Amino acid sequence: MSATTTEFQTPDALARAQQGVESAPEFAGEKLIINMGPSHPSTHGVLRIIVEMDGEIVTKATPDIGYLHRGDEKIAENMTYNQFVPYTDRLDYLAPLANNVAYACAVEKLMGWQLPPRGQAIRVICCELARVSSHLLGLGAMSLDLGAMTVFLYIMTEREKIHNLIERLTGARFTTSYTRIGGMTRDLPPGWIEEAQAFVKQFWPKIDEVDNLLTRNKIFIDRNKNIGVITAETAINFGLSGPNLRGSGVNYDVRKVNPYLGYEKYQFDVPVGSVGDCYDRYLVRLEELRQSSRILEQALGNVPSGPIHVEDKNYLPAKAGVLTKMEELIHHFMLVTEGIDAPAGEVYFGAENPKGELGFYINSHGGGVPYRLKIRAPSFVNLSILPKMLPGHMVSDIAAILGSLDFVMGECDR
Amino acid sequence: MLMNLSSALAGACVLGQTAAADGGYVLNVAGYSLWPALTITLLILVKVAVVIGVMLFFVSYSVVAERRCSAAIQDRMGPNRTGLPLSGVKVLGLFTVPKWKLLGLGQPLPDSLKLILKEEFTPASVNKFYFTLAPALAMMPSLIVVCVVPYACLVPIHIAFSSPFEFVLNIPNPGVIANIDVGILFAFAISSLGVYGIVLAGWSSNSKYPFLGGIRSSAQMISYEVSMGLSVIPIFLVIGKLNLSDLVQYQATHGWLIFPFPWTSEFTWSQLLLWPCLLLSFVIFLVSAFAETNRLPFDLPESETELVGGYHTEYSSMKFALFFLGEYAALIVASCLMVTLFLGGWSWLTPASWTPWYYNPPAGWLGLAITGLQAITFLIKMAMFIFVFIWVRWTLPRFRYDQLMQIGWKFFLPVALLNILLTAVLLAVIR
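The sections below set out a description of the structure shown in this document. (Residues numbered from 1 in each chain as written. Chains lettered and ligands numbered in written order. Predicted model: local features only at pLDDT ≥ 70, side-chain atom pairs only at ≥ 80, totals over all residues. Heavy atoms only, no water.)

1. Structural notes on the overall build of chain B
Stage number 1. Of the regular secondary structure elements, chain B holds 15 helices and six strands.
Stage number 2. The C-alpha radius of gyration computed for chain B amounts to 23 Å, which stays within 12% of the reference 22 Å derived for 431 residues, consistent with globular compactness.
Stage number 3. Across chain B, the fraction of contacts at a sequence separation of at least 24, relative to all contacts at a separation of at least 6, is 74%.
Stage number 4. Of the roughly 19000 Å² of accessible surface on chain B, 73% is carried by carbon and sulfur atoms.
Stage number 5. Looking at chain B, you have 22 positive and 19 negative side-chain charges, and the mean spots of the two groups are 9 Å apart. (Helix = DSSP H or I, 4+ residues; strand = E, 2+ residues; numbered from the N terminus. Rg over C-alpha atoms; globule rule 2.2 N^0.38 Å. Contact = heavy atoms within 4.5 Å. Areas by Shrake-Rupley, 256 points an atom, 1.4 Å probe, with all protein chains shown as cover. Lys, Arg positive; Asp, Glu negative; His and termini not counted. Charge placed at Lys NZ, Arg CZ, Asp CG, Glu CD.)

This is the structure in structure tokens:
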């Protein structure tokens, strides 16, 4: 019985009313609370933001996520490493190839494997194609949110070509599931490199087309300049990554800082913004399209020959012996049913994905199934800044800001 | 519709008096002449029917044009499959109607059928009376405004023949439904009523997104009405009359306002001094017209990526269709006004001396045909402006609400005022 009650005695009704007005400033003006999402044209999926507005000015924004939660991390604990590959398609479903690669690289890091050069080159090509595809949609969706629908449809034409390439490569346009632990499902189909080169060649002028339509458009600039400013410090504090971080002027690209898959061999620049507003983020994405095309040109022009799979005698049976020799057959059977016998330990691998740094943390107790798999989803982290960023902007700016953050709810909710 | 008719009838009475004052009869069939006022009223009803029919035709086909043009701009196909009704069907076992695809020209029919057959859902929380009234109010002003737009010249059409029976018909004002002297004021007065439809829709829906859309649009339309009204004042300073038919006549003899070509009969070089002012008027009027018709880049009331559907979020079926078509009707009226005010209405770009019959049609059936030609000229010019509206919509992004208001009040309003001042000073200098 230690609860205490504090009582305030107010002398008369007038003073009580006065006190009430002072202690509750919200009576000064009625605020409008509107619910943006989970089904709203500019929330790109199922993001829900509860927006409190004073007139057209946002005073408070509370994101509500989880409408697309599937429990991917828990699912991963109940299946072998290879079986989880299709689930990675559904993370950032606008760049599934990049997710496949990031996941495979993470498990390979746990295994201590290094892909042969050809395998690495193919993965780089996959990653950059996915980046182009995702950034294209990011730009398109941003312009669509600002009312420029035509840019969106131009961009869809280009994505269509990328999807055709990806279909030839993996057999699926969207849910690629291309990688396996230690390699890929298949090698490049004959003639694919030339097709991809032809695509990149015709892609350069298309970037300029988008550039011409938007970059110097007065309305577009007015809508984006000094809107949704994230300072470098705030961006780092909130753990932003990818183009959103670089738009704020932080020169951090996992491909440069911590190269994987031989990214150090390719020449490309990392575009960095200066102000950290929506316009900078747009410019960074636009320039990254060009840089990705540069990487694609280099990678496609110089694909080494050789195997695409890891060949590790300790873990993998000799392929030639699987159908003829008892030992190899049993080994192969165990590999398929129980998964690869991974060593115990913890590993984190972060890849520079289109949306930011996609990290996989794997805690293995040995055996073919992870004990814990944690996905660091860049969209989730990037969206965490919304409550800080949105207040003070107009309701129309929400569309511009959400467009410029370029998130995917599949990844955010996992 | 009712207001349209009543305003037309008011015009008819005036015209009836003038016809009676002339002493001549209007319609005389086999020696029996009808009371002139009644005849003129009937004639005006016919004109109303024709003009509204053409207008609604253009409304439905500008939807098709919008879809086809946007598809062309965006590297798509657009609706190109819908032919005309019964295509491919054997009629009465006699002949088969050919399967013309006709560029999707049959599209308005399935479009409207779809909208009519949709469930008409009225949310429980709405104010039913205003909720039902709003779509009608959105559509009506545009239909009323067309009655002061001159689509042909005012030279009376006189049709007479004696066999097989005696027939005389005078059509006093063939080129316009109501030739009223306050023409442009009437147009502005009525078109500003259009905001009621949107505001009422936003308010009566009793829902937050439509409410925001309604507030935005009332602010937007009222703001741009000011600069729109001010932008046309220089024109009427130059002309000295508010009557739109007189304005077109002036442009036929002096050159179009945005292009004072020197080969017209009464062209004076001092007109060129006023040209920049009129061009400025045109630009302000054009931009304000975009804002008035709620088209991109000013489509904030219904900006779908922010306010879902804006003021018509809660509407469905034909009520939605009325908003949708009302918007296109407003677009057509804005194009009509622009053609009339700046592009010489029904007049041609050639010297009047080349085609005197065009500007002063002879009596008889030929005169009627030439009047039709004038109307077609007018419609072609109007279609050009509709294309400009479509073209801009699919090219530009959308303004933000405060930016829009800033442009309206801080830029267009002062510029329009200065333009009036400048025109007045120039006129004083010239005359």
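2. Examining helix 13 (residues 326-338) of chain A
Stage number 1. Along its 13 residues, helix 13 of chain A runs 18 Å from first to last C-alpha, staying within 8% of the 18 Å computed at 1.5 Å per residue.
Stage number 2. Phi turns positive one or two residues past the end of helix 13 of chain A, at Gly 339 of chain A, with a value near 85 degrees. (Expected span 1.5 Å × (residues − 1).)

3. A few points about the sheet that holds strand 8 (residues 372-376) of chain A
Residue and element names in this part refer to chain A.
Stage number 1. In spatial order, the strands read 6-7-8; together these three strands make up an open sheet with antiparallel pairing. Strands at the two margins of the open sheet, each flanked by one partner only, are strand 6 (342-353) and strand 8. Going from strand to strand, the sheet's axes swing by 5 degrees on average, the running direction of each strand aside.
Stage number 2. On top of the sheet, helix 4 (residues 96-111) reaches strand 6, strand 7 (356-367) and strand 8; it is set at about 145 degrees to strand 6, its chief contact. (Pairing = 2+ DSSP bridges. Axes fitted to C-alpha atoms, helices over the stretch in contact; angles between N-to-C directions.)

4. Some thoughts on the side chain of Ser 293 of chain A
Stage number 1. Structurally, Ser 293 of chain A is set in helix 12 (residues 278-301).
Stage number 2. Beyond its immediate sequence surroundings of up to four residues, Ser 293 of chain A is in contact with Val 200, Phe 203, Trp 204 and Ile 207 of chain A.

5. Here's the deal with the pattern of salt bridges
Residue and element names in this part refer to chain A.
Stage number 1. The final tally for this structure, using the stated rule, is 33 salt bridges over all chains.
Stage number 2. The salt bridge partner of Glu 167 is Arg 173, with a shortest N-O separation of 3.2 Å.
Stage number 3. Across the pair Arg 246 and Glu 288 runs a salt bridge whose closest N-O atoms are separated by 2.5 Å. Within this pair, whereas Arg 246 is found in helix 10 (residues 243-247), its partner Glu 288 is found in helix 12, the two being separated by 42 residues in sequence. In this structure, Arg 246 and Glu 288 share a single accessibility class: buried.
Stage number 4. Taken together, the salt bridges that share partners define one network made up of Glu 128, Arg 131, Arg 246, Asp 253, Arg 255, Glu 288 and Glu 352. (Salt bridge = Lys/Arg side-chain N within 4 Å of Asp/Glu carboxyl O. Buried < 20%, exposed > 50% of the residue type's maximum accessible area, 1.4 Å probe, protein only.)

6. Side note on a nonpolar patch on the surface
Residue and element names in this part refer to chain B.
Stage number 1. On the surface, a nonpolar cluster with roughly 580 Å² of combined accessible area is contributed by Phe 129, Tyr 130, Leu 133, Trp 203, Phe 211 and Ile 215.
Stage number 2. Counting residues per element, the ones that place at least two in the nonpolar patch are helix 4 (128-145) and helix 7 (208-231).
Stage number 3. Ranked by the residues each element gives to the nonpolar patch, the list is headed by helix 4, at three residues.
Stage number 4. As for its placement among the helices and strands, Leu 133 is situated in helix 4. (Patch = residues over 30% accessible without salt bridge, like charges linked within 9 Å, V, L, I, M, F, W, Y side chains within 5 Å.)

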